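Architecture at a glance
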Amino acid sequence: MSIHLDPRVHERSGSFRLDDLVRRLAVTSKLVLCVWTLFLLLPVAWSQSAGTPGGSPSSSSSPQAEITFDGYRVHQSVEAGYRVSDITGSGGMFNTLVNEHAGLRLFEQTFSMRSETSAGQPFDDLFVNSVGWGGDPNNFLRMRVSKNQWFDFRASFRRDQDFSDFNLLANPLNPATSVPTVTVDASPHQFATRRRMSDLDLTLLPKSKLSFRLGFSHNNMTGPSYTTLHEGTEGLLLQPWDTTVNAYRVGVDFKLLPHTVLSYDQFLNYYKGDTSAQLNSLPYALAGGTAVDLGLPFNTVAGLPCATPLLASGAVNPTCNGYFAYTRFDATRNSFPTEQLSLRGDYFRRLELTGSFSYSSGDARLPVYSEFFDGLLSRTRMRTSQETGSSRANRVTDNADAGVVFRMTDRLRVVDQFRFLSFRLPGVRDYAVDALFGATLLSTPNVFDPATCPPPYTAATCPQHSASSGADLTAVHDVNFLKQDTKSNTIELQYDLTRKISGHLGYRFQRRTIFDSTNDLQALIFYPSLPNRGACAGLPLVNGVCTTSANSSSADTTEINAHSLLAGFSMRPTHELRVNFDSEQFYADHSYTRISPRKESRYRMSGNYTPRPWAELGASANMLSNSNDDALVNYRGHSRNYGLNAVVNPRPRFGVDLAYNYSDVMQDGLICFNDVPPTGVVLPIVTNAKDCTGLDSGNPLLTDSYYENHTHFGMGAIMLKPAPHVTTRFGYSITSVGGKIPQFNILQPLGSLAYNYHQPVASLDIDLAHNFAWHAVWNYYQYGEKDFVGPTSPRYFHADNVTLALRYAF
Amino acid sequence: MKTAFWIFVVVSLLSASAGAANEQKEHGNPADAAQYAGSDVCLTCHEDVYRKQFEGTPHFQTLKKDGHGCESCHGPGAEHVAGGGDKTKIIRFANLSRSESSRRCLECHGQAHEQQRFGSSAHSGNDVGCLDCHSPHHAQEERKLLVKPQPELCYSCHASARAEFARPYHHRVNEGLVTCSDCHNVHGTAALRQVRSTPGGDAICYKCHAEKQGPFIYEHMPVKTEGCMSCHTPHGSTNPRFLRVSQVNLLCLQCHSAPALSPLGPAHNQSQKYQACTMCHAAIHGSNLNAAFMK
């Protein structure tokens, strides 16, 4: 038995071999035949280059064309075509990493109008570019219209189809030893959402003493997603995503003095969250036919959802954790008005000043919240619960920064940057829970009524509590607060030794003060039966009912002082060679989380060498190491990245682009992991102690968690122009990942810590007559892991995508 | 807040009073009109550059109104012309340091919001000037006069970023949906790594990922105090959801182990079940409904 959330392509395991690649090329011969047929049938007749109107070849080797219209030079181009797609293996992984399917496409469109004179014309420059229409996961449109000294308008629209189904994520990894065996083939947290973002910005009178800025942004994300909820067992919930942000901006720039600008900006952000949740499906049934969901985890050896979820008859065991129904509505409305004042002045030749101050008082409201659960939480015998309430939170921030650049001499500069950030997040929530109890899924959850539940409260019509049952009625008032103030100042000396060599030396101090507090006040009512349970143990009863309250609070303050030493240099010994080096040494007296560093060293080096105008060579090294020496943490980590790249185009008809990058990530620290593996399984990480609350550095419960990730990235591409109007490109890239991680669960594969991702590509461009260009691309994708699959469907896939397009420039 | 406000006031007064006290522009007195040759004179010798690499560019607007065209950037050219094209009598950007050449650009472009903090930026501090990314006469990207379009331009120095965006899980920079300048202001910000922020000072991540911003009743506090990068690598990752490590449980245990701030390590047996923390703690970025982020 298995659970499919997004059944698409049949699934097959496999591993990458070179002959496999060759076989794939042969299997897709029908695609290749299609390509060549089109190639032969197309009228491959091109004019001599001298006769081609419009000028020099573009980077895509297609001709440019231009027309003149009403005083404007107009360029347009459009590229449309069709993509063929053949996928084998995990459709979920293909959609997660590539998500480009077959169909007609408008690949790209450009439109440009540039004024020749500007006089008497509504605009000087108009440019529109859009990409990816027709079904591709990413498409965008960008537009810019401007008229010098009058206005500048920019707009963009972006649409992103984001699909995620890495099936190991949030997967219960149900073992084959479970009875029944239920495989969860897709990620319980997969999603297929669409985000649409628009940004409009208008600047009026940009060169004037007083200029104005207006802007609007819209961000809407919708689409299905899944999540899980723990109520005895983890039920799968369908979560239709629906969030919207509308942001408005108004600003004024006042050039009050030469080279001095004072600006005021008002921002208004409105957020609407209408995402809801409901039980996804009811795949099982009780005797009698009532549908029920037993949740995702099926590990009967470990008692999930219970020891015997299904009876011999195939019906659900009514004593098992399960769901009949679940719904949740929590519509949120947030507003964030922000005011900002900023100043920049470099009236003096040697002094440059910048500063800004902003204040924001955001408000987040959840006026009506409701949640309903119907099922069985066997540990407490809860059969139904209804939760209602409201909440309100605020986000108050004030930020300021001030910067000074003082040019002491033509070679020596002092740069100082001060920054102050403060946020305060108070929140209040009031809610009530009404719970009913029963022994099994078949039990009727009884409401307490003295008439039907008289003393001694043992009647079958009484609520059927157990000693572990929670309160019948709960009213909660939560007040939480989080605050952080950050002050930092960076001062740096920058010196130009010569026009080709410069260096900088600096110091940064940062102080963070974090304060958080919680206060939880509960009023609890316990009905019979067993009213003296839980928080009511030993308390007096009134008419068989116990009422009590509970209060808990906490508060904590952390102050962190951090110091950084900054140093670096840059050299341009020749016009062709450039070298940069930058470093930072960081020390903090405390940390807020266990893996926040108390010490950190950062080094960055990069070099570029351009021995010829057609050759560019580059190298880079980024090294970061950090640590937290607390005896109960003993954290060490590093991230080292080294790269080489070369772009060589010695002739217009030949070019090579090569790149290699190696990344080495390591994290190692003491963690608390004291679980008991299944019988017969030995896991090196596991100890057998009972709790992790000891604060003794010799605590045997703490164990080492060593994680490392080695990633190799290689890319090569060759461009050849065998004929003046023909361009071919061949390329290949690979991302190869390997590493180590503690194994907490014997069924957990390495997954994304051990795989190869191959992406060869080939393309053919032919410039045809009359500003037409024909374009064909073959993309191949192959994802294959180097470890066992685990109790899920394999994540391997390979895919051939062939794209045929015609481009017309006019 | 008071401290911050008064700092801002002091900076403003300092700047304004200094300007008011000294009316004389210290950037250099405006040159006499006689020192300018006129762009039509430049055209006579530099026709190729003028026609092909100036006329069609946005800088052509400098010819309008009181502008000086070529001489807006290269300085007054009368002496250069009188000297028969004496190269020492005209500003040649190849002979300037990056700092010097950038100051010339900022004479006009320095007041725009995007460029206001260039002088104190990481790029400027590392001797990366305007002409490393922009080319008024040889731009491949016409609108912003970039030497190369994004992201190739950025990759030419930040080679590691190319590899990061090539990883399977990546922000769609190579696809054109997101640009480097969406998240970074390459001309400098008050924040580290030249990262932008929302108007209220929050991480720029929330411009797109607005549902994670909150505020929430129950905050997952490091999300707000340490930032998104405590768990995610924003450029690209070999792990799904851009996580720093390949397994969620390790990420959680690195913090939620004694002596954690709160809560302490899990009481669940991850060796046999509960191997995915976020199966139960699903609302991990913050919740309005449950203090343990269960919903």
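All values derive from a computational prediction rather than experimental measurement.

Within chain B one finds 15 helices and 2 strands. Burial status across chain B gives 47% buried among its 295 residues. A sequence separation of at least 24 residues applies to 44% of the contacts in chain B between residues at least 6 apart. Summed over its atoms, the accessible surface of chain B is roughly 13300 Å², and 59% of this surface lies on carbon and sulfur atoms.

A few words on the environment of Gly-71 of chain A. All names here are of chain A. Here Gly-71 shows up in the loop between β2 (67–69) and β3 (72–89). On the basis of relative accessibility, which here comes to 25%, the residue Gly-71 falls in the partly exposed class. A C-alpha to C-alpha distance of 51 Å links Gly-71 and Thr-735, two positions 664 residues apart in sequence. When residues no more than four places from it in sequence are discounted, the contact partners of Gly-71 are Arg-114, Ser-115, Glu-116, Thr-117 and Gln-121.

On to the nonpolar core, then. One finds Leu-97, Tyr-757, Tyr-783 and Phe-797 of chain A to be the most contacted residues of the largest nonpolar core, which totals 32 residues. Elements with a minimum of two residues in this core: α3 (91–97), β33 (755–767), β34 (772–785) and β35 (797–809) of chain A together with α14 (248–255) of chain B. Considering every element that reaches this core, the biggest residue donor is α14 of chain B, with 5 residues. Sequence-distant contacts of Leu-97 of chain A, that is, excluding residues within four places in its chain, are made with Tyr-757, Tyr-783 and Phe-797 of chain A together with Pro-168 and Tyr-169 of chain B. Counting residues in each nonpolar core, the second largest holds 12 residues, with Val-182, Tyr-284, Val-292 and Leu-376 of chain A among its members.

So, about the state of the cysteines. What makes a disulfide is a covalent bond joining the sulfur atoms belonging to two cysteines. One pass over the full model with this rule turns up 3 disulfides over all chains. Covalently, Cys-306 of chain A is tied to Cys-320 of chain A through a disulfide, its sulfur atoms 2.0 Å apart. Taking the sign of the S-S torsion, about -105 degrees here, the bridge from Cys-306 of chain A to Cys-320 of chain A comes out left-handed. With Cys-306 of chain A in the loop between β17 (291–292) and β18 (322–330) and Cys-320 of chain A in the loop between β17 and β18, the pair connects residues that are 14 residues apart, well separated along the chain. As far as burial versus exposure is concerned, Cys-306 of chain A and Cys-320 of chain A are alike and both buried. Put simply, Cys-453 of chain A and Cys-462 of chain A are joined by a disulfide, and their sulfur atoms are 1.9 Å apart. As the torsion about the S-S bond is roughly 105 degrees, the Cys-453 of chain A-Cys-462 of chain A disulfide counts as right-handed. Here Cys-453 of chain A matches Cys-462 of chain A in class, with each residue buried. Free cysteine Cys-70 of chain B: the closest other cysteine sulfur is in Cys-42 of chain B, separated by 3.9 Å.

Residue and element names in this part refer to chain A. Note that Pro-445 resides in the loop between β22 (412–437) and β23 (473–496). Sequence separation of Pro-445 and Thr-461 is 16 residues, and the distance between their C-alpha atoms is 8.9 Å. Contacts of Pro-445, omitting those with residues within four sequence positions, involve Arg-383, Thr-384, Leu-436 and Phe-437.

Now for a nonpolar patch on the surface. All names here are of chain A. On the surface, Leu-204, Leu-210, Phe-212, Leu-214, Val-250 and Phe-254 cluster together into a nonpolar patch covering about 450 Å² of accessible area. Elements with a contribution of two residues or more to the nonpolar patch: β10 (210–223) and β13 (241–257). Ranked by the residues each element gives to the nonpolar patch, the list is headed by β10, at 3 residues.

Glancing now at the pattern of salt bridges. Applying the stated criterion across every chain, the model contains 58 salt bridges over all chains. Between Asp-124 of chain A and Lys-147 of chain A there is a salt bridge, and its shortest N-O distance comes to 3.4 Å. Taken together, the residues span a long stretch of sequence, with Asp-124 of chain A in the loop between β4 (103–115) and β5 (125–133) and Lys-147 of chain A in strand β6 (residues 138–147) at a distance of 23 residues. A network of salt bridges, in which partner residues are shared, links Arg-572 and Arg-578 of chain A together with Arg-98, Asp-127 and Asp-132 of chain B.

Turning our eyes to something else, we now look at the interface of chain A and chain B. Taken residue by residue, the interface counts 193 residues in chain A and 130 residues in chain B. Contact with chain B buries surface across chain A, with His-259, Tyr-347 and Arg-499 of chain A losing the most and accounting together for 5% of the total. There are 14 salt bridges connecting chain A and chain B. For the side of chain A that touches chain B, the element with the highest residue contribution is strand β21 (residues 382–407) of chain A, accounting for 14 residues. For the side of chain A that touches chain B, the per-class residue count stands at 78 nonpolar, 67 polar and 48 charged.

The next subject is the packing of aromatic side chains. Applying the stated rule across the entire model yields 22 aromatic pairs over all chains. Considering the side-chain rings of Phe-772 of chain A and Tyr-808 of chain A, the 4.5 Å spacing of their centres and the 20 degrees angle between planes classify their relative orientation as stacked. A residue pair is termed long-range when its members are at least 10 positions apart, and Phe-772 of chain A in strand β34 and Tyr-808 of chain A in strand β35 qualify at 36 residues. For Phe-772 of chain A, a relative accessible area of 29% translates into the label partly exposed. With a centroid separation of 6.3 Å and an interplanar angle of 85 degrees, the aromatic rings of Tyr-50 of chain B and Phe-60 of chain B are classed as edge-to-face. With Tyr-50 of chain B in helix α3 (residues 47–53) and Phe-60 of chain B in the loop between α3 and α4 (70–74), the pair connects residues that are 10 residues apart, well separated along the chain. Take Tyr-50 of chain B: its relative accessible area is 10%, and that puts it in the buried class. Every member of this aromatic cluster is reached through a ring pair, and the members are Phe-94, Tyr-755, Tyr-757, Tyr-783 and Phe-797 of chain A. Sitting above the plane of the Phe-140 of chain A ring, Arg-142 of chain A keeps its charged end 4.4 Å from the centroid. Positioned above the aromatic ring of Phe-166 of chain A is the side chain of Arg-795 of chain A, whose terminal nitrogen or guanidinium carbon lies 5.8 Å from the ring centre.

Conventions adopted
- Residues numbered from 1 in each chain as written.
- Chains lettered and ligands numbered in written order.
- Predicted model: local features only at pLDDT ≥ 70, side-chain atom pairs only at ≥ 80, totals over all residues.
- Heavy atoms only, no water.
- Helix = DSSP H or I, 4+ residues; strand = E, 2+ residues; numbered from the N terminus.
- Buried < 20%, exposed > 50% of the residue type's maximum accessible area, 1.4 Å probe, protein only.
- Contact = heavy atoms within 4.5 Å.
- Areas by Shrake-Rupley, 256 points an atom, 1.4 Å probe, with all protein chains shown as cover.
- Core = buried A, V, L, I, M, F, W, Y, C linked by side-chain atoms within 4.5 Å.
- Disulfide = S-S within 2.5 Å.
- Patch = residues over 30% accessible without salt bridge, like charges linked within 9 Å, V, L, I, M, F, W, Y side chains within 5 Å.
- Salt bridge = Lys/Arg side-chain N within 4 Å of Asp/Glu carboxyl O.
- Buried area = accessible area lost by both parts, 1.4 Å probe.
- Nonpolar A, V, L, I, M, F, W, Y, C, P; charged D, E, K, R; others polar.
- Phe/Tyr/Trp six-rings, centres within 6.5 Å; stacked < 30°, edge-to-face > 60°.
- Lys NZ or Arg CZ within 6 Å of the ring centre and 35° of its normal.

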